[in-house]
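Inside the fold
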Amino acid sequence: MSKTARSNLEAAIRRCYSTWGERYYDDYYASDSAYPPIHTDIVRDLLQKEAAGSLLDAGCGPASMLRDLALPGLERYGFDMTPEMVDEARRVLGDQGLPPERVWQGSVLDAAAFAASSDTPAGGFDAAICFGVLPHIPTEADAEVIAHLRDALAPGGMVAVEARNELFGLFTLNRYSRELFRDRLIREEALIETAKTPSEREALRAALESLDARFRTDLPPLRGGYADEPGYDEVLSRTHNPFELRAQAEAAGFEDVRTLFYHYHALPPMLEAESPALFRRASLAMEDPEDWRGHFMASAFILVARKPG
Ligand SMILES: C[S@@+](CC[C@H](N)C(=O)[O-])C[C@H]1O[C@@H](n2cnc3c(N)ncnc32)[C@H](O)[C@@H]1O
């Protein structure tokens, strides 16, 4: 990725998040209408099992997870690319007695950002998490982020990286499904090349058009910004394939790689409005990070892996 492309992308993402610093936790973690933060519970569990002594949150936002991970013996650190997020994270963690150097500004695309504080553990972190960041990373840079996380860990350290689940598109029957079917499963450009005659090409075009008609391509609505800044769906906000991300972690030398799923949907989300309370209740009841249905019915997953010790 060229320097200019990276700097334009990062500037757009910073603008997108610039107005979210103070409201992010209330809107997505604490509000009654938000889906409960199942992922923080999953990570807390993992950290407790590890008995981790140090944790780095790469792309920590307003310390939305870090603030709820005050575990005995755990030293918490974080960085984020958006200055307003860094300010809020420092304020919140400061109220919990952490010094401001525990949070700094930096990008996961920059190796130096992973140890930019004066008191980070010399041998690397026992654990590193990275949530909500991968959607904003271009495909060609995923491997770089995974390598940076690996290098930030102590030998035997654990990483937990969250991504939006691309395969959820098999369940949503909306715009994401169309993209998944056409671009990733069917690979229409290559398929069209196999048409031998104009009539085959025309039949294929008609078949694809007929396929489109099966999806609500007007859903979900695009999320705009609060003011003039670009909204979440107006900046790069990709989904990831759990099988591919797992292979990338293995290629980077990680061991014990697994995928844990969360934010289940008992029905395709477009049907939630039919009975919101039932939908929420039934979805919460499904939350089991190891259920195979998570591959399709959960909108997010966590890649958990260990750096060889
Ligand atoms: C959806 S929020 C998630 C915040 C927090 N990790 C959480 O899960 O609640 C995404 C955060 O990633 C940050 N971010 C996006 N791209 C980044 C990058 N390249 N390096 C570091 N942070 C980044 C944004 O500034 C924003 O605070």
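Residues numbered from 1 in each chain as written. Predicted model: local features only at pLDDT ≥ 70, side-chain atom pairs only at ≥ 80, totals over all residues. Heavy atoms only, no water.

So, about helix α10 (residues 242-251). The complete set of buried residues in α10 reads P242, L245 and A249. Along the axis of α10, the buried positions cluster into a sector of 65 degrees, meaning they face one direction only. Set apart from the buried face of α10 by more than 90 degrees, the exposed residues are F243 and A251. Contacts from the buried residues of α10 go to α5 (142-152), β5 (153-164), β6 (255-264), α12 (294-297) and β7 (298-306). For α10, the N-terminal capping position is held by N241, with its side-chain oxygen 2.8 Å away from the main-chain nitrogen of F243. Backbone geometry just after α10 places G253 at a positive phi near 95 degrees. (Buried < 20%, exposed > 50% of the residue type's maximum accessible area, 1.4 Å probe, protein only. Helix = DSSP H or I, 4+ residues; strand = E, 2+ residues; numbered from the N terminus. Arc of directions from axis to C-beta. Contact = heavy atoms within 4.5 Å. Polar contact = N/O pair within 3.5 Å; in protein donor to acceptor, adjacent residues only side chain to side chain.)

Turning our eyes to something else, we now look at the pairing of strand β4 (residues 125-130). Counting buried positions along β4 yields five of six residues, so the element is predominantly enclosed. Note that β4 and β5 share five bridges and pair parallel. Looking at β5, one finds that A128 is bridged to V159. (Pairing = 2+ DSSP bridges.)

Taken together, the seven strands give an open sheet; going across it, the order is β3-β2-β1-β4-β5-β7-β6, and neighbouring strands pair in mixed fashion. What marks the edges here is a single partner per strand, and that holds for β3 (103-105) and β6. For this sheet the average axis-to-axis angle between neighbouring strands, irrespective of direction, equals 15 degrees. Here helix α3 (residues 38-50) sits on the sheet and contacts β1 (54-58), β4, β5, β6 and β7; the angle it forms with β6, its principal contact strand, is near 150 degrees. (Axes fitted to C-alpha atoms, helices over the stretch in contact; angles between N-to-C directions.)

Burial of β5 is extensive: 10 of the 12 residues sit out of reach of the surface. For β5 and β7, the ladder comprises seven bridges, and the chain directions are antiparallel. Counterpart to M158 in the pairing with β7 is R306.

Residues L56, V108, F114, L149 and F254 are the most contacted members of the largest nonpolar core, which totals 39 residues. Every element with two or more residues in this core is listed here: β1, β2 (75-80), β4, α5, β5, α10, β6 and β7. Counting residues in hydrophobic clusters, the runner-up holds 32 residues, among them V43, A52, L69 and I129. (Core = buried A, V, L, I, M, F, W, Y, C linked by side-chain atoms within 4.5 Å.)

On to the domain arrangement of the protein chain, then. Domain annotation of the protein chain identifies domain 1 (3-168 + 221-306) and domain 2 (175-212). Computed over C-alpha atoms, the centres of domain 1 and domain 2 are 35 Å apart. In this assembly, eight residues from domain 1 lie in contact with four residues from domain 2. Between domain 1 and domain 2 lies a buried interface of about 470 Å² when both sides are counted; carbon and sulfur atoms form 36% of it. One salt bridge in this structure joins E244 and R184, with 2.6 Å as the shortest N-O distance. Inspection of the region where domain 1 meets domain 2 yields three residue pairs in polar contact (both at pLDDT 80 or more). (Domains from an automatic or database assignment. Buried area = accessible area lost by both parts, 1.4 Å probe. Salt bridge = Lys/Arg side-chain N within 4 Å of Asp/Glu carboxyl O.)

On to the environment of D142, then. Locating D142 in the fold gives a position in helix α5. For D142, a relative accessible area of 2% translates into the label buried. Between the C-alpha atom of D142 and that of T19, which follows or precedes it by 123 residues, the distance is 26 Å. Apart from residues lying up to four places away in sequence, D142 is in contact with L134, I137, R238, H240 and Q248. In terms of polar contacts, D142 uses its side chain to reach the side chain of H240, at 3.0 Å.

Near the ligand, the surroundings consist of 22 residues, among which Y29, G59, S64, D80 and T82 are the closest. Between the ligand and S64 there is a distance of 2.5 Å, counted from an oxygen atom to a side-chain nitrogen or oxygen. M81 places a main-chain nitrogen or oxygen 3.3 Å from a nitrogen atom of the ligand. When the free accessible area of the ligand is taken as 590 Å², the share hidden by the protein chains comes to 97%. Secondary structure elements with two or more residues in the shell around the ligand: α1 (3-17) and α2 (24-30). Take the shell around the ligand: its biggest share by element is three residues, from α1. (Near = heavy atom within 4 Å. Areas by Shrake-Rupley, 256 points an atom, 1.4 Å probe, with all protein chains shown as cover.)

What follows concerns the pattern of salt bridges. Within this structure, the stated rule accounts for 23 salt bridges. One salt bridge connects R205 with E202, and the closest N-O pair in it is separated by 2.7 Å. Of this pair, R205 and E202 both sit in helix α9 (residues 198-212), separated by three residues, roughly a single helical turn. Using a relative accessible area of 42% as the deciding quantity, one classes R205 as partly exposed.

Geometrically, the link from L219 to P220 is a cis peptide bond, its omega value of -10 degrees lying close to zero. In this fold, P220 is placed in the loop between α9 and α10. Located in the positive-phi region is A63, a residue other than glycine, with phi close to 60 degrees. Secondary-structure assignment places A63 in the loop between β1 and β2. Phi at H263 takes a positive value of approximately 60 degrees, unusual for a residue other than glycine. Among the structural elements, H263 can be located in strand β6. On the accessibility criterion, H263 (24% relative accessible area) is partly exposed.

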